[in-house]
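An overview of the molecular structure
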Amino acid sequence: MLSRVADNLYWLARYLERTENLARLVGATTNLMLDLPRHLAPGWQPLVKITGSELIYSEREDRDFSEKSIVRFLIADMKYGGSMVSSISRAREIARTARDIMPREFWERINALHLYVGEQATVAIDKFTRHAFLERVTGGVQQLIGMLEGVVSEGEALSFLSLGRNIERADMTSRIVDVRAAALPVNNTAELRPFETVLWMSVLRSLSGYQMYRMHARERVHGVGVVRFLLADEHFPRACVCCLHRAEEVLHSLPHSEPLVRWLSRTRRVLTRARLEGLDQVQLHEFIDRFQLSLARWNDELARIYFLGEIKPSATAGT
Amino acid sequence: MPIAWEEYPATSTFDELIVPGGGARDAARSLVEYLSTLGVGELMTRQRAAEAAIRGMGITFTVYHQEGGSIDRSWPLDIIPRVIALQEWQRIEAGLQQRARALNLFINDIYHAQQIVHAGVFPREFLADSANFRPQCVGINPPLGVWAHVCGSDLIRGADGTVFVLEDNLRVPSGVSYMLENRQVVKRVFPELFEATTILPVDDYPSKLLETLRAIAPPEAGAPEVVVLTPGIYNSAYFEHSYLAQQMGVELVEGRDLAVGDDDIVYMRTIDGWKRVDVIYRRVDDLFLDPEVFRDDSSLGVPGLMRAWCRGTVSLANAPGAGVADDKLVYTFVPAMIRYYLNEEAILPNVPSYLCTDPEQRAYVLAHLAELVVKPANESGGYGMLMGPKSTAEERAQFAQLISQNPRNYIAQPVISLSTTPTLVDGLLEPRHLDLRPFILSGRETQVTTGGLTRVAMRKGSLVVNSSQGGGSKDTWIVDTAL
């Protein structure tokens, strides 16, 4: 497979996943705000932090951290490259170049989703119409992913799509845990205690992990339990360890992947063995920070091996 | 409501399906009868079904817009096929093969001994001012001596039924994917007809193209790696590039995917390292192929590609420089070329043309601008033309000046009234003008597509068939009436 095509497919999956994650994030936050007393609510500001866009947001005109401004920023702002409209546009642009390898329906559906998000993004700002919009986006992305799993033959194309999806997921899950844990202390204060369950439930819901957590944990929803579940569960598809494990399995079928596999399994071990119970807020933040740094370096290594073609042509002459 | 063919408007020109009075031509008889049984209402339903299929299959072409970038539009297809009898087609096919052979011999000769010039058949001065002559190609020997592996020749039919060659596109002719897709769609829309009539199939083109490309691989390549080189998604023919790569099962590459090593070999960057490329079906114009040799601001090409091609480590189709024969002035010499190289008379005539370099002919052209079509020698796509009968006195004065200043750059032709064919327009079958672009593959053999891409002007009386200017297309049937 051409490096450019592999690179494109990897990012197509990442942008698509990002589109869905933004919908989940905004949806779960909307619900959380309705459940908490106003003076305890963490506000919308953490979403800017989760998406790592503090600097860009601070340069905007309506940077008042109000619900309206932040939702508009995350969903409808074409100028912000990490917004939902930007993510789906980029995914669609890539899908356009990959029409020779993707199923025809995929192009039509992603095109339709792109049009829908572009036309309807502003209705998401209104709390009343937001829910239906977000559901349709989440459903649309899941349909696209299902289509890929359902009709693309196993092979390099599917491998790079799967890598992109799992790495983006692991990244987003760790961001959500990081920011929420900072706002909702793992060892909570007396005033928050009555709402602790509500808060952590909303974190799980933003990742559609509430039911799976209940089946897995069979106990009260509490901070350390949720953090461990989201970072280190081996079976929940949005848990970091599970994502990394899936990425590893995909890599086995790709050439020259040994260093990438080793890297992921090392990172996975660190997550699994972490003693989360003993960590305070700062330590947990540092721990997750190291994880994200590791993912970023892994991403560079992936690009070096598959996308950049750093080895000079003449060096491989005759192969 | 049944179709009243006797009410089909007769025009002063040749109709491909209907003879004056409303009868059907032999090859079109079963089609015309079948259409009558359907009636116009049912035809409209099927036209809508075809349009839905085209959207569903994602058959598009790209149009540029000043603002807003480029837009993908659904490919316009009129479901009423254009029919040609096999017997007539066989003569056209032979004429196109003859033409492609002569053109390839001409290009090869021009980059070598130039015997045709020494023999006094082709004037030296025309060569000197040719915009598409590439000095870099002199002395190069492409495999099999073939330069124009894919040629798209435009055919038109005049009022008396004569088929003329209007031009030969030897650079990067496009449209073949639409010929193939039109057939797919029409088969879905009129399945009954394909069962009842012997319509020759068209779908083996991609495998023939691949066979042609493999045949020109450098001799040392065992199982040659063939790729399609595209300028990228913003090119108007990107759909076709992607389609052909997919149909041939080869990689679709952009310039940035390729690199030329110190060994003058072309490689493509894959996830498994750099891999050698043997044959490039390039859909990038000459001047953008290699910034080391041609336009140095081109980001579409590959630095060193010409070096590799000259060394023979990679084959390019069409070969650089093949466009030297894609010139309106050279076109006027094709019948002479056929005589010179093949010792045969041209089977298909050219449209009669006046050379503005010849004082007598120029005088005639200048005196009759209002009746003639004036074409610049090196443009394609209908740019920079004067349509005499529709021109203003001002435009004619401007062209008179242009011709006098640079006679080499212009030829003039009488207006040929293109033939028509029944076309669905607002619920009626009306005659619309059309042309035909068959594609000729030259490798070990010379092969012609079965029919070609029929383009039709959708506006009444219009002779403009380009899809970017509101033209449509049709499926082209070569029908064997003996069976």
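Counting from 1, residues in each chain are numbered in the order their sequence is written. Lettering of chains starts at A and numbering of ligands starts at 1, both following the order in which they are written. Two thresholds apply to this predicted model, a pLDDT of at least 70 for residue-level local features and 80 or more for giving and counting side-chain atom pairs, whereas whole-chain, interface and lining totals are computed over all residues.

**Re the interface of chain A and chain B**
Cut-off, in case you're wondering: Whether two residues are in contact depends on their C-beta atoms, placed from the backbone: they are in contact if these lie within 7 Å. A helix here means a DSSP run of H or I that spans at least four residues, while a strand means a run of E at least two residues long, and both kinds are numbered starting from the N terminus. For this classification, the nonpolar set comprises Ala, Val, Leu, Ile, Met, Phe, Trp, Tyr, Cys and Pro, the charged set comprises Asp, Glu, Lys and Arg, and every other residue, Gly included, is treated as polar.
Taken together, the contacts link 23 residues of chain A with 25 residues of chain B. Secondary structure elements with two or more residues in the side of chain A that touches chain B: α1 (3-35), α5 (84-97) and α6 (104-120) of chain A. Per-class residue counts for the side of chain A that touches chain B are ten nonpolar, six polar and seven charged.

**What about the domain arrangement of chain A?**
Residue and element names in this part refer to chain A. What counts is decided by this rule: What fixes the domain bounds is an automatic or database domain assignment.
Partitioning chain A into domains gives domain 1 (1-152) and domain 2 (153-308). Put simply, the middle of domain 1 and the middle of domain 2, counted by C-alpha atoms, are 20 Å apart. Of the residues lining the interface, 28 residues belong to domain 1; the matching set on domain 2 comes to 26 residues. Sorting elements by how many residues they give to the side of domain 1 that touches domain 2 places α1 first, with 18 residues. Of the residues in the side of domain 1 that touches domain 2, the class split is 18 nonpolar, three polar and seven charged.

**Some details on the sheet that holds strand β8 (residues 258-260) of chain B**
Residue and element names in this part refer to chain B. Counted only if it meets this: Each pair of strands is called paired provided DSSP finds at least two bridges between the two strands. In this analysis, axes come from line fits to C-alpha atoms, helices being fitted only over the stretch in contact, and the angle between any two N-to-C directions falls in the range 0 to 180 degrees.
Strands sit in the order β8-β9-β10 across an open sheet of three strands; the sheet is antiparallel. Lying at the two open borders of the sheet, with one neighbouring strand each, are β8 and β10 (273-276). Averaged over all neighbouring strand pairs, the angle between strand axes comes to 40 degrees, with direction disregarded. Pairing analysis gives three bridges linking β8 to strand β9 (residues 266-270), with the strands arranged antiparallel. Of the residues in β9, the one forming a bridge with V260 is V266.

**Re the domain arrangement of chain B**
Parsing chain B into structural domains produces domain 1 (219-313) and domain 2 (354-414). Each of domain 1 of chain B and domain 2 of chain B was reduced to a C-alpha centroid, and the two centroids are 38 Å apart.

**Here we look at the pairing of β10 of chain B**
Residue and element names in this part refer to chain B. Here β9 runs beside β10; their pairing, made up of four bridges, is antiparallel. Its bridge partner being in β10, T270 is matched across the sheet by G273. Counted along the chain from β9 to the antiparallel partner β10, the turn is two residues long.

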